[in-house]
Amino acid sequence: ALSKQQQNEVYEERHLKFISSLGKGNFGRVDLCRYDPLGDNTGELVAVKQLQSNKQSNMADFQKEIQTISSLHCDYIVKYRGICYSAGRLSMRLVMEFLPFGSLISYMEKNKLIITTRRMLLFSSQICKGMEYLQNLHYVHRDLAARNILVSSDTLVKIADFGLTKIVPLNKDYYRVTQSGESPIFWYAPESLSEYKFSHKSDVWSFGVLLHELFSYCELSRNPKRLSLHRIGCDIQGAMMAVHLFNALREDWRLPAPPMCPPKVFSMMMQCWAFNSEDRPSFSYLQDLIESSLQEERDGAKG
Ligand SMILES: CCCn1cc(-c2nc(Nc3ccc(C(=O)NC)cc3)nc3[nH]ccc23)cn1
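Residues numbered from 1 in each chain as written. Predicted model: local features only at pLDDT ≥ 70, side-chain atom pairs only at ≥ 80, totals over all residues. Heavy atoms only, no water.

By size, the foremost hydrophobic cluster in this structure holds 79 residues, and its most contacted members are Leu104, Ile127, Phe207, Phe215 and Leu286. Leu286 has contacts with Cys128, Val204, Phe207, Met268, Cys272 and Pro281, leaving out every residue within four places of it along the chain. Counting eight residues, the second largest nonpolar core, distinct from the first, contains Leu16, Tyr35, Val46 and Val95. (Core = buried A, V, L, I, M, F, W, Y, C linked by side-chain atoms within 4.5 Å. Buried < 20%, exposed > 50% of the residue type's maximum accessible area, 1.4 Å probe, protein only. Contact = heavy atoms within 4.5 Å.)

Listed below in structure tokens is the structure:
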């Protein structure tokens, strides 16, 4: 059941006008809708997520996702607007703020010729702040990747899609999952590959992979899955992929530096990819590294 605060924002289905499909997240589909109670097209645009399959397990996960996102209040996390109960009240829909510039991947591809290092460091800093906020609430995101970052404006990005987010129990510093599901293993830390362990430090590993995507302009030819399969062999299938990837990482293979990537930024990625989770930096330390890189870029610009 939803708390009092969560119930306040109830959207009536009859005023929620479908406009277009925006994308697919974990188990769900996201549509652009206009919430138009006056019926004169002056209503606000919202992003509405609904479950694809109404499998019992997915419904429970969806309710957890709604509880998670409605508890987050941060400039660098996509905002919760409310809930829309469908007719039978069987399935419900999650209403969120609409981010007009779409996914970071499409944004970077479209604008790669005008995106500066400073802009990429600004985006990195915003994602880092969003992750610091999540960590302070004991949330582990578990799916931090460019595909789950949305662009609000030319100077603001936000973390989206909390379908895999879990709360770390107070007495432990990691969360162990049972089902692997559709695992994004190329963003996974070694301990997540070998023991299904997820923690703030495994989120830091994924943040390093996200930095790699960002400084590769999210180009498909250089995406983490393609570069990793090139290393472990493209003929490896299923569970064996995780084994080969783990072995490559244990033998100190890492994603290669993106072309033209500033050395300080690649060094940041390498620190995130420390094999032992306790050797990885915290998000607040990463914040300081990014700030010092940003300052260097500002000084450099002055010449
Ligand atoms: C992250 C995976 C699930 N997912 C979330 C969204 C989403 N999209 C958008 N805006 C958006 C998306 C696409 C485009 C576009 O031009 N496409 C060709 C323009 C604007 N705002 C959102 N607010 C909350 C979720 C959400 C889409 N997929």
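A word on the packing of aromatic side chains. Taken as a whole, this structure holds six aromatic pairs when the rule is applied. Among the aromatic side chains, those forming a connected cluster through ring pairs are Phe101, Tyr107 and Phe123. We note Arg147 situated over the ring of Trp187; from NZ or CZ to the ring centre the distance is 4.4 Å. In this structure, Lys197 packs its charged tip against the face of Tyr174, placed 4.4 Å from the ring centre. (Phe/Tyr/Trp six-rings, centres within 6.5 Å; stacked < 30°, edge-to-face > 60°. Lys NZ or Arg CZ within 6 Å of the ring centre and 35° of its normal.)

Within the secondary structure, Lys166 sits in strand β10 (residues 166–167). The buried charged residue Lys166 lacks any salt bridge, with Asp61 as its nearest oppositely charged partner at 4.8 Å. Contacts of Lys166, omitting those with residues within four sequence positions, involve His138, Tyr139, Val140, Arg142 and Tyr175. (Helix = DSSP H or I, 4+ residues; strand = E, 2+ residues; numbered from the N terminus. Lys, Arg positive; Asp, Glu negative; His and termini not counted. Salt bridge = Lys/Arg side-chain N within 4 Å of Asp/Glu carboxyl O.)

Here we come to the site of the ligand. With respect to spatial proximity, 17 residues lie near the ligand, and among them Ala47, Glu97, Leu99, Gly102 and Leu150 are the closest. Note that a nitrogen atom of the ligand is positioned 2.7 Å from one of the backbone N or O atoms of Glu97. Contact with the protein chains removes 77% of the 590 Å² of surface that the ligand exposes when unbound. The set of elements that each furnish at least two residues to the shell around the ligand consists of β2 (16–24) and β6 (92–97). When grouped by side-chain class, the residues that make up the shell around the ligand number nine nonpolar, four polar and four charged. (Near = heavy atom within 4 Å. Polar contact = N/O pair within 3.5 Å; in protein donor to acceptor, adjacent residues only side chain to side chain. Areas by Shrake-Rupley, 256 points an atom, 1.4 Å probe, with all protein chains shown as cover. Nonpolar A, V, L, I, M, F, W, Y, C, P; charged D, E, K, R; others polar.)

Within the secondary structure, Ile159 sits in strand β9 (residues 156–159). Here Ile159 is in contact with Tyr76, Ile77, Val78, Ile127, Gly130, Met131, His141, Asn148 and Ile149, once residues within four sequence places are set aside.

Strands sit in the order β1-β5-β6-β4-β3-β2 across an open sheet of six strands; the sheet is mixed. Of all the strands in the sheet, just β1 (10–11) and β2 have a single pairing partner and so form its edges. In the sheet, β1 pairs with strand β5 (residues 80–85) via two bridges, with the strands oriented parallel. From the neighbouring strand, Tyr11 faces β5, where its bridge partner is Cys84. Each of β4 (44–51), β5 and β6 is contacted by helix α2 (residues 56–70), which is oriented at about 30° to β6, the strand it contacts most. (Pairing = 2+ DSSP bridges. Axes fitted to C-alpha atoms, helices over the stretch in contact; angles between N-to-C directions.)

To continue, consider helix α6 (residues 200–214). The first and last C-alpha atoms of α6 sit 20 Å apart over 15 residues, in line with the 21 Å expected at 1.5 Å per residue. Taken across its 15 residues, α6 has 14 buried, putting it largely inside the fold. A side-chain oxygen of the first residue of α6 lies 3.1 Å from the backbone nitrogen of Lys201; this N-cap is Ser199. (Expected span 1.5 Å × (residues − 1).)

Right, let's get into the pattern of salt bridges. Under the criterion given, the structure shown has 12 salt bridges. Between Lys112 and Glu219 there is a salt bridge; the shortest N-O distance is 3.3 Å. Of this pair, Lys112 sits in the loop between α3 (104–111) and α4 (117–136) while Glu219 sits in the loop between α6 and α7 (224–232), and the two are 107 residues apart along the sequence. Taking relative accessible area as the criterion, Lys112 reaches 32% and is therefore assigned partly exposed. Assessed through its relative accessible area of 23%, Glu219 is described here as partly exposed. A salt bridge links Glu296 to Lys264, with the nearest nitrogen and oxygen atoms 3.2 Å apart.

These values are about where atoms sit, not about what they do.
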